[in-house]
Amino acid sequence: MDFDAERIEVVQDPREWPRYSGRRIAGISGFGFGGTNAHVVVADFDPADYPAPTPTEAPFSELPRAALAVSGLLPSRRKEAAAALADFLESRPDSDLLPLARSLARRNHGRSAAVVQATTTEEAVRRLRQVTDGKIGPGIAAADAPTPMGPVFVYSGFGSQHRKMAKELMSRSPLFDARMRQLDDIVKFQAGWSMIDIIEDDEKTYDTETGQVTITAIQIAQTDLLASMGIRPAATMGMSMGEIAAGYGSGGISAEDAILIACARARLMGEGESMIAGTDQEGAMAVVELSREALAEFVDNHPEAAGVEPAVYAGPGMTTVGGPGKAVDYLVAALEAEEKFARKLQVRGAGHTSALDPIMGDLAAEIAGIEARPLTVPLFSSVDRGEVYPAGSVVHTDEYFLRMTRQPVYFQDATEAAFNAGHTTLVEITPNPVALMGMMNTAFSLGKPDAQLLYTTKRKVDELESLIDLAAKLYVGGAPVVVTRVASGLARAATGRRHRVQHPRRPDLQPAPAHRGRRRRGRAGRARRGHRGARRAACGGRGHHHRHPLCRRGGHQALRRLRPPRRGLRPHPGRAPVSYTHLRAHETPEHL
């Protein structure tokens, strides 16, 4: 090659980069002995080429502590990553962990993962050393491999309310606050009162009407807040009035219809309770240690308990009953004398019993106009005993919610169906968990002692910390959590800047952006990406790698046979991308 004639020069020494066309532009080529060629064109940085990113609102206005994510293809590599990070932290001159958490969130995420939550460098190092040693403890979530099935969102019912529910989360999450205020506008239109007024005024308290409606709104807002972090249900189930929010979570009804149903149902129940308050007909409810058969036998053999009916089949040997107050009191006293569990609930009225018959006609008229939509995820119904409605089914008609109000709640059957379908992670969407005990008893009865029973928020527990802890546990279990949304505070949301730190072992290297592995161009590369996408879709969209055991079963074999030969480097396998945005088919951006 005549370099002079072609005006080509091999640069062998450092020199100034000239601007021939007003900008510095250079071509870089690499030639391999096997015939592989690579060409890159680089130019100097011009801010005008990169428009300022559109500010996006962070899920939280502040973070109580940093969430440090470490992972690897194997548990041994996860432990090595934790050890390297601990060594790096011990040598750092500063103690700000949030930039480090953001940088770690943008790395490739392997199949075996752990999340360490810490407020100080010393705490982070101590907990990272525990991960290195294969130990767990407070502030640590770890898993050797992703769980095969995604989480089931469980929407619990009345009884989960407490005086300060949602107040703290509204003050610390702009997204949650905005959603609650949107829903409050619907409540004002439907019922003529404001949830926000009660939430913000500590002198006010909740009754049957305001408590039920506010719980439903909180469950809807929590669902959308989790969705902003990439946390979505693989299936849903409800408990009593929780079926309303479960309908929204599964895509079966809109938020507007959910609030309409909650308002109408709660108002009519409140009016009915007020009419019979102080009379012999006033209802009561209790949780008792009796099976369905044992309860029926007790009522038949004790005339004093006449009128007691099953209301909720919560779990094996756990039944919520309702009926006239005196009859319920007799049942509770008799079981306590036998040293069996029995606890009267602090509610007025007897839900899911014949006491509601007088209001059913009015309720049918109030909710006749709701629009049922096709489900986007399966529903394990506690209304229709033993029924599992697949995605695409149209379930949430007005008749469904009438049955939900009047019939007993088959929560145990729904829980059993979820476990039998292969789900091992159940997340209670609630201001305060009330369904965990029933789910735990069902899990043990089915031989599922390793089931994860989680919750979103809990009374007397920091609501933001509770949600971050939930996100960490779901992330290590393989859920497609958008880790950057969990690890980022308001500062990054406002500036759009990337915060980076040096590599723990190679300070001369900069961390690579997440999921920027080398991709081969041309037809073979496009075919490989196409087969990878097909495998992911066949695995339910959870990003399983072709070597994952789940992808060796059944129809996945054909996909593996069609896969072209692997060459070059690939991103870490086993995890879905962590930087995408999710929206359900029935959602619009303003929902978030």
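Owing to the predicted nature of the structure, the values given are computational and were not obtained by experimental measurement.

Topic: the overall build of the protein
Within the protein one finds 21 helices and 15 strands. The 592 residues of the protein split such that 49% are buried. Pairs at least 24 apart in sequence give 75% of the contacts found in the protein among residues at least 6 apart. Accessible area of the protein: about 28,200 Å², with a carbon and sulfur share of 52%.

Overview of the sheet that holds strand E7 (residues 235-238)
Within a sheet, adjacent strands bond to each other through the backbone by hydrogen bonds, running parallel or antiparallel. Taken in spatial order, the six strands make up an open sheet running E13-E12-E7-E6-E14-E15, and their pairing is mixed. Each of the sheet's edge strands pairs with one partner strand only, and the pair in question is strand E13 (388-389) and strand E15 (452-455). Of the strand pairs in this sheet, E7 and strand E12 (residues 379-380) are connected by two bridges, and their pairing is parallel. In the sheet register, Met237 faces E12, and the bridge partner there is Phe380. Along the sheet, helix H8 (residues 208-228) makes contact with strand E6 (152-155) and strand E14 (425-429), crossing E14 at roughly 130 degrees. Helix-sheet contacts for helix H9 (residues 242-249) involve E6, E7 and E12, and the interaxial angle to E7 is about 165 degrees.

Considerations on unusual backbone geometry
In the Ramachandran plot, Ser240 falls in the positive-phi region, its phi being about 60 degrees despite a non-glycine side chain. Relative to the helices and strands, Ser240 is located in the loop between E7 and H9. Using a relative accessible area of 12% as the deciding quantity, one classes Ser240 as buried. Even without being glycine, Glu339 reaches a positive phi, approximately 60 degrees.

Definitions and cut-offs
- Residues numbered from 1 in each chain as written.
- Predicted model: local features only at pLDDT ≥ 70, side-chain atom pairs only at ≥ 80, totals over all residues.
- Heavy atoms only, no water.
- Helix = DSSP H or I, 4+ residues; strand = E, 2+ residues; numbered from the N terminus.
- Buried < 20%, exposed > 50% of the residue type's maximum accessible area, 1.4 Å probe, protein only.
- Contact = heavy atoms within 4.5 Å.
- Areas by Shrake-Rupley, 256 points an atom, 1.4 Å probe, with all protein chains shown as cover.
- Pairing = 2+ DSSP bridges.
- Axes fitted to C-alpha atoms, helices over the stretch in contact; angles between N-to-C directions.

This is a description of form; function is not addressed.
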